[in-house]
Amino acid sequence: MDLTLTAMLLQGGQEAAAHTGAGFMPFYPGLILLLPLAGFLLNGWLALKHAGRAARVTRVGGTYDLDGGGRPATHTLPTWIGPGVMGLAFVLTLVNFVGMLGAGLHDPVVIHYWTWMATGTFTVDAAIQLDQLSMVMMMVVTGVGFLIHLFSVGYMKDDPGYPRYFAYLNLFVFFMLVLVMGASYPLMFVGWEGVGLCSYLLIGFWFTDREKSDAGKKAFIVNRIGDVGFLLAIFVLYRTFGTLDFAPIMGGAADTLVYGGGLVTLVTLFFLLAAAGKSAQIPLYVWLPDAMAGPTPVSALIHAATMVTAGVYLVARSSVLFALSPVGSAAVAGIGVLTALFAATIALKQNDIKKVLAYSTVSQLGYMFLGVGVGAYAAGVFHLMTHAFFKALLFLGSGAVIHAMHEAYHATHRHDDPQDMRNMGGLKAYMPITWITMWVATLAISGIWPFAGFFSKDEIIWYTAAFAGAENAPFPGLYTLYWILALAAALMTAFYMTRLMVMTFHGRNRTGEKEAGHLHEAPPIMWVPLAVLAVLSTVGGWINVPEELQASIVGLGGLLPSSEWLHHWLEPITAEAHHIQELQLGELAHSAPFGGGEVAWALISTALALAVVLATSQLLGRREVQSPDADPEPTGFAKVLANKWYVDELYDAAVVKPIQRASRFCWKVIDQGIIDGAVNAVGYLARGFGWFGSLFQTGTVNTYAFVLSLGVLVILGAVFF
Amino acid sequence: MVEIFFYIFAATALGGGLGVVLSKSPVGSLLMMVVSLASLAGVFVLLEAHFLAAIQVIVYAGAIMVLFLFVIMLLNLGHDYQQDLKWGAFSVLSFAVAGGLAGILAREVGGDWQIADGVVPPGGRAIDAAVREHGAVGAIAEPLFTTYVVPFEITGILLLVAIVGALALAKRNVS
Amino acid sequence: MITQALILSAILFALGTFGVLVRRNAIIMFLCIELQLNAVNVAFVAFSRLVGIEGQVFVFFVMTVAAAEAAVGLAIIISIFRHYETVNVDNFNLLKW
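Here the structure is a predicted model, which means the values were calculated and not measured. Each chain carries its own residue numbering, running from 1 in the direction its sequence is written. For naming, the first written chain is A and the first written ligand is 1, with later ones following in the order written. At least 70 in pLDDT is required for a residue's local features to be given in this predicted model, at least 80 for side-chain atom pairs to be given and counted, and no such filter applies to totals for whole chains, interfaces and linings, which use all residues. The side-chain values count all of the structure's non-hydrogen atoms but skip hydrogen atoms and water molecules.

1. Observations concerning the overall build of chain A
Counting secondary structure elements, chain A contains 29 helices and two strands. Projecting the C-alpha coordinates of chain A onto the three principal axes gives extents of approximately 120 × 70 × 60 Å. At a minimum sequence separation of 6, the contacts of chain A that also span at least 24 residues come to 80%. Each accessible area is a Shrake-Rupley estimate made with a 1.4 Å probe; only the visible protein chains count as cover when residues are assessed. Roughly 28,500 Å² of accessible area belongs to chain A as shown, and the carbon and sulfur atoms make up 68% of that amount. Charged residues are defined narrowly, with Lys and Arg counted positive, Asp and Glu counted negative, and His plus the chain ends left uncounted. Throughout, a charge is located at the NZ atom of Lys, the CZ atom of Arg, the CG atom of Asp or the CD atom of Glu. In chain A, which carries 36 positive and 45 negative side-chain charges, the distance between the mean positions of the two groups comes to 13 Å. Helix and strand definitions follow DSSP, with helices as H or I runs of at least four residues and strands as E runs of at least two, each counted in order from the N terminus. By the convention used here, residues are in contact when the closest approach between their heavy atoms is within 4.5 Å.

2. Focus on the confidence of the model for chain C
Known as pLDDT, the predictor's per-residue confidence is scaled from 0 to 100. A residue-level look at chain C finds 97% of positions with pLDDT of 70 or above and a mean pLDDT of 88. Reported confidence for the predicted complex is 0.90 by ipTM and 0.72 by pTM.

3. As for the nonpolar core
Here the nonpolar core consists of buried residues drawn from Ala, Val, Leu, Ile, Met, Phe, Trp, Tyr and Cys, with membership extended through side-chain atoms lying within 4.5 Å. Throughout this description, buried means an accessible area under 20% of the type-specific maximum (1.4 Å probe, protein chains only), exposed means over 50%, and partly exposed covers the range between. Met 176, Tyr 185, Phe 230, Phe 271 and Leu 321 of chain A are the most contacted members of the largest nonpolar core, which totals 193 residues. At 21 residues, the largest contribution of residues to this core is made by helix 17 (residues 377-412) of chain A. Apart from residues lying up to four places away in sequence, Phe 271 of chain A is in contact with Tyr 185, Phe 230, Ala 233, Leu 237, Leu 314, Ser 318, Leu 321 and Phe 322 of chain A. Grouped together as the second largest cluster of nonpolar side chains are 81 residues, Tyr 60 and Ile 140 of chain B together with Ala 10 and Ala 46 of chain C included.

4. Points about the side chain of Thr 309 of chain A
Residues and elements named next belong to chain A. Structurally, the position occupied by Thr 309 is in the loop between helix 12 (296-305) and helix 13 (310-317). Classification of Thr 309 as buried rests on a relative accessible area of 1%. Polar contacts, as counted here, are pairs of nitrogen or oxygen atoms within 3.5 Å of one another; within protein the pair requires one atom able to donate a hydrogen and one able to accept it, and residues that are adjacent in sequence qualify only if both atoms are side-chain atoms. Reaching out from Thr 309, the side chain makes a polar contact with the backbone oxygen of Thr 306 at a distance of 2.4 Å. If we ignore the near neighbours within four places in the chain, the residues touching Thr 309 are Met 137, Ser 279, Ala 304, Leu 365, Met 368 and Leu 384.

5. Examining the environment of Phe 271 of chain A
All names here are of chain A. Inspection of the secondary structure assignment puts Phe 271 in helix 10 (residues 262-278). A relative accessible area of 0% places Phe 271 in the buried class. The spatial distance from the C-alpha of Phe 271 to the C-alpha of Ala 233 is 6.1 Å, given a sequence separation of 38 residues.

6. Comments concerning the packing of aromatic side chains
For any pair of aromatic rings, the description rests on two quantities: the centre-to-centre distance and the angle between the ring planes. Residues and elements named next belong to chain A. Paired rings are identified among Phe, Tyr and Trp, the last through its six-membered ring, by centres lying within 6.5 Å, and are further divided according to the angle between planes into stacked (under 30 degrees), edge-to-face (over 60) and tilted (the rest). Applying the stated criterion to the full structure yields 36 aromatic pairs over all chains. A ring pair is formed by Phe 205 and Trp 206, whose centres lie 5.9 Å apart and whose planes are at 75°; its orientation type is edge-to-face. Residue Phe 205 is classed as buried on the basis of its relative accessible area of 1%. Plain terms: the ring middles of Phe 342 and Trp 645 are 5.6 Å apart, the flat faces sit at 25° to each other, and that makes the pair stacked. You can see Phe 342 sitting in helix 15 (residues 326-347) and its partner Trp 645 sitting in the loop between helix 27 (636-642) and helix 28 (647-694), a full 303 residues away along the chain. We classify Trp 645 as partly exposed; its relative accessible area is 31%.

7. Notes on the interface of chain A and chain B
Chain A puts eleven residues into the contact, and the matching count from chain B is ten residues. Once two parts are joined, some of their accessible surface, as seen by a 1.4 Å probe, is lost; buried area is that loss totalled over both. Across the chain A to chain B interface the summed buried area is about 880 Å²; carbon plus sulfur atoms make up 90%. Considering only the side of chain A, the residues that lose the most area to chain B are Phe 706, Leu 713 and Phe 720 of chain A, jointly responsible for 56% of the buried surface there. Counted as salt bridges are all cases of a side-chain nitrogen of Lys or Arg within 4 Å of a carboxyl oxygen of Asp or Glu. At the surface where chain A touches chain B, the tally comes to zero salt bridges. Where chain A meets chain B, there are zero residue pairs in polar contact (both at pLDDT 80 or more). Basically, the charged four are Asp, Glu, Lys and Arg, the nonpolar ten are Ala, Val, Leu, Ile, Met, Phe, Trp, Tyr, Cys and Pro, and anything else, Gly included, counts as polar. For the side of chain A that touches chain B, the class distribution of residues is seven nonpolar, four polar and no charged.

8. Re the packing of helix 15 of chain A against helix 20 (residues 476-505) of chain A
Residues and elements named next belong to chain A. Between the N-to-C directions of two axes lies an angle of 0 to 180 degrees, each axis being a line fitted to C-alpha atoms and, for a helix, fitted only over the stretch in contact. Two elements in contact, helix 15 and helix 20, have axes whose closest approach is 8 Å; the angle formed by their N-to-C orientations is 30°. On the basis of the axis angle, helix 15 is roughly parallel to helix 20. Judged by the sense of rotation from one axis to the other, the crossing of helix 15 with helix 20 is left-handed. Taking contact as the criterion, the partners of Pro 326, Ser 329, Ala 330, Ala 333, Gly 334, Val 337, Ala 340, Leu 341, Ala 344, Thr 345 and Ala 347 in helix 15 are, on helix 20, Tyr 479, Tyr 482, Leu 485, Ala 486, Ala 488, Ala 489, Met 492, Tyr 496 and Arg 499. These descriptions rest on fixed angle ranges, namely under 35 degrees for roughly parallel, over 145 for roughly antiparallel, 65 to 115 for roughly perpendicular, and the rest for oblique. Should the near helix be turned anticlockwise from the far one by less than a right angle, the crossing is left-handed, and should it be turned clockwise, the crossing is right-handed.

9. A closer look at the interface of chain C and chain B
Of the residues lining the interface, 69 residues belong to chain C; the matching set on chain B comes to 84 residues. Between chain C and chain B, roughly 6,900 Å² of surface is buried when both sides are summed, and carbon and sulfur atoms account for 79% of that area. For the pair chain C and chain B, the interface holds zero salt bridges. On the surface where chain C and chain B come into contact, there are ten residue pairs in polar contact (both at pLDDT 80 or more). Among the secondary structure elements, those contributing two or more residues to the side of chain C that touches chain B are helix 1 (2-22), helix 2 (26-51) and helix 3 (54-84) of chain C. Per element, the largest residue contribution to the side of chain C that touches chain B is 23 residues, and it comes from helix 3 of chain C.

10. Some thoughts on a nonpolar patch on the surface
Only residues whose relative accessible area exceeds 30% and that form no salt bridge are eligible for patches; like-charged ones are grouped when within 9 Å, while nonpolar side chains (Val, Leu, Ile, Met, Phe, Trp, Tyr) are grouped when within 5 Å. Together, Phe 665, Val 669, Ile 670, Ile 674, Ile 675 and Val 679 of chain A give the surface a local cluster of nonpolar side chains, amounting to about 530 Å² of exposed area. Structurally, Ile 675 of chain A is set in helix 28.

11. Quick notes on the side chain of His 383 of chain A
All names here are of chain A. Assignment of secondary structure puts His 383 in helix 17. Note on His 383: relative accessible area 0%, which makes it buried. Here Ser 456 takes part through its side chain, which lies 2.8 Å from a polar atom of the side chain of His 383. Apart from residues lying up to four places away in sequence, His 383 is in contact with Gln 364, Tyr 367, Met 368, Phe 390, Ser 456, Lys 457 and Ile 460.

12. Some words on helix 2 (residues 26-46) of chain B
Residues and elements named next belong to chain B. Helix span is expected to be 1.5 Å times the residue number reduced by one. Across its 21 residues, helix 2 extends 30 Å between first and last C-alpha, which sits within 8% of the 30 Å expected from 1.5 Å per residue. Of the residues that open helix 2, the one with a side-chain oxygen 3.2 Å from the backbone nitrogen of Val 27 is Ser 25. Two residues or fewer past helix 2, Glu 48 is found with a positive phi of approximately 65°.

13. What to know about the pairing of strand 1 (residues 109-119) of chain A
All names here are of chain A. Pairs of strands are assigned from DSSP output, requiring at least two bridges between the strands. The pairing of strand 1 with strand 2 (residues 122-130) spans nine bridges and is antiparallel. Within the sheet, the bridge partner assigned to Val 110 lies in strand 2 and is Gln 129. Connecting strand 1 to the antiparallel partner strand 2 that follows it, the hairpin turn spans two residues, and Gly 120 within it adopts a positive phi of roughly 60°.

14. Concerning the packing of helix 17 of chain A against helix 19 (residues 452-468) of chain A
All names here are of chain A. Where helix 17 contacts helix 19, the axes come no closer than 9 Å and their chain directions differ by 150°. Relative to helix 19, helix 17 is oriented roughly antiparallel. For the pair helix 17 and helix 19, the sense of crossing is left-handed. Across from Ala 379, Phe 382, His 383, Thr 386 and Phe 390 in helix 17, the residues of helix 19 making contact are Ala 452, Gly 453, Phe 455, Ser 456, Lys 457, Glu 459, Ile 460 and Tyr 463. Broken down by class, the residue content of the contact of helix 17 with helix 19 amounts to seven nonpolar, four polar and two charged.

15. A closer look at unusual backbone geometry
Residue and element names in this part refer to chain A. Of note, the bond from Ile 282 into Pro 283 is cis; its omega dihedral lies within 30 degrees of zero at 5°. In this fold, Pro 283 is placed in the loop between helix 10 and helix 11 (287-290). Trp 449 connects to Pro 450 through a cis peptide bond whose omega is 0°. A positive phi angle, close to 55°, is found at His 413, a residue other than glycine. Along the polypeptide, His 413 turns up in the loop between helix 17 and helix 18 (432-446). Of note in this structure, Lys 644 is not a glycine but carries a positive phi near 60°. Examined against the element boundaries, Lys 644 turns out to sit in the loop between helix 27 and helix 28.

16. Section: the confidence of the model for chain A
Averaged over chain A, the pLDDT score is 87; the fraction of residues at 70 or greater is 95%. Note that residues 11-21 of chain A has pLDDT below 50 and, in this model, 19 contacts with residues that lie over four places away or in other chains.

Here is the structure:
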């Protein structure tokens, strides 16, 4: 990046002034992008240096040991660079956020830096868009990202790949910010692909383990399927609008596209495919559970808090398009609620702590899809945000647990699985902070008042009910079904999360005598982020308390702050979509399908969730958990759930194996047989001619003389006859 | 009378040629070659080319063949020669090719030139006149030193080059 | 008689060709080539009866060339013989490459 470019980025772009909305002046927004990129470059350089030195040491037969002679600079500097750039980026984002907050509602601010590509009439600018939606995403990415970077310092400090880890993590944040800040679909796609790349790199971070590198590949390949949808949608959009910038598309969609028309339905379904790939929805969710092979903070950052929510962001960003397509929206909501329920059932019987959380993530992403699918874009983004808090907390907490288990096993040279919950139990005595913070997150995800998850999840479920009862709801029966399924999945969430907590922290300690002595609470660098996230998981929901609830007992009669703040905040983004919705659907219902208002159902759902939590903890608390070796194989339906509905096996048989066979056919028959065969045949033919010709090359003069004479004879014959 | 002599000479020339090809020993081939060359000298005489007949015997049969003989002696190939003539498919093919050549050449080149008996053809008359004027040697020397003097001189150079080349090639231990 | 001479020339030439093809002894092959040259000489002399003295002049040149060729060729054979201790051309198969 040359100097003028950097200077341009720092100045905030040339055209900034022309596009700035009323009152809001962005404060070095380009720097927010550049900081993680700089972190990536610096850490990457250190990683290369480290790799070079390790290679030199091992080449002469030595073993490269980090413990010997103190930590080298390559392993101390990333501690400051990695979280440092994130902290700065967060502060900058915060400054911009406060600026935007002070400016009130305004149109999106688009800052053009330079023309990225211009071919004929097609132009894409390298431009970032600062608006309320991207600001929320930036806050989540940099804020939660910063906390996870801090946690990583403790979690990864003994890993030889420490600088490489932070390089990848910084690169990820850079691409994630490109994704949410880009002002056009192509730029968003750059971020989209970039985070996919970083996801692949980080899942396969310990690439010497075949299984882990395979998991990385699986994530990458499954994501590619979704990317096809993204590209196709972009093509159709360009064909229709002649531009790919967000502003003209969102502004002109209502005039250009017909409500419920084939074109917009096509675009939304393509986008749904893309979002399903990135956000791990049915049928493309299979990569996310495997992605747990990566380091646990990576799971927290990429596979829970940020990257996997890109699909939700995509739908929210394209809200106008989805509002114009009832079929597309119904598909989004349907996929979402099915995924929510389906993943929740799988999570019921998993024993790997990270697997439970992975399926829980898939399930919660399903809720977000349901939210944006029923036109509650703000509610979807709201749940995205609260989920980022409590799921990052859960993952980091599980990371702390795994870290402790791993160290205990390492100290006693045991080779059991430190992630299997059947090996844990009773950890609350050893790691109280982790225990408490994770309970906070569990209550939040279970939807129990007054934790964050309660407000966000309840709002999604409520909007589903309201949508089902709207005056002109496109598929009222279908949406009623969605609502019931969503409620069922919410109860399952409460069950499996409580099960996780009980198996991990309560009951008898099953780590073993020797190992128990080595169990200890995580260091401050790790538990401080947990505590911060726990606070956020508690109060995070209060920014968007619905007016009706706020006034009621749920809102403690107006004691909870700020009514529907996020809704109003996102108004400039969702207004157009809501306008279309109101036009087409009429007013939303004020009661659930089977009666009962918003307050009533909020009370019912929180009471039910609480009941499930209590009942589960009582029931499971009494039962003795068997160690993995002694645990009997599940039978019947439980076996189906434990084996994840055999979806992986199904995909293997229905997709992977046929493709392998087809590829094998292409390889063996078409490529090696026909194509190579043809090439070889030409070669053999030439060789045959050569062999035939070589018969005349005896080397003896007589043969040549004979051929010469024959030639003379032939020529004479030709002349005279 | 002339015809009878021609057929005798032709027969010995062909017999000599056959001997060259079929003789087992190089010396035998060489001697047969001499027979053939001498017979051809007779044919030349019958064709009124007396000077050529003379140098055929002197240069060819005399000088060149002696050179061959010397080489055979030098390489000591006289006795322990190898049986190098193998009768096989290749020989049959070669015979067919050679026969075809002979047939085509005999048919096309040796076709009927329509010269009546006792009539001297135009070239023959010119040669006879030249011989009457300059003598047998002079008749051929006259164009050689007038019209073809340049090729003649070049031939002299060619011979010189051949001598030098032969010396260079055959010399032992070229250092 | 010109016709007969030309037929003699053709047969003699073919005989020489046959010799070159079937013999493996380099010296005898050389002799056969001389035989071919002589066959051509006969044809020249026969044609000189039809066109004039030039045919005989040409024979003169052919003989000269034959002499030169014999000198150089035999020198080559000697040289080869020093290398291979044989004049059988079957052993000289370097032309294969």
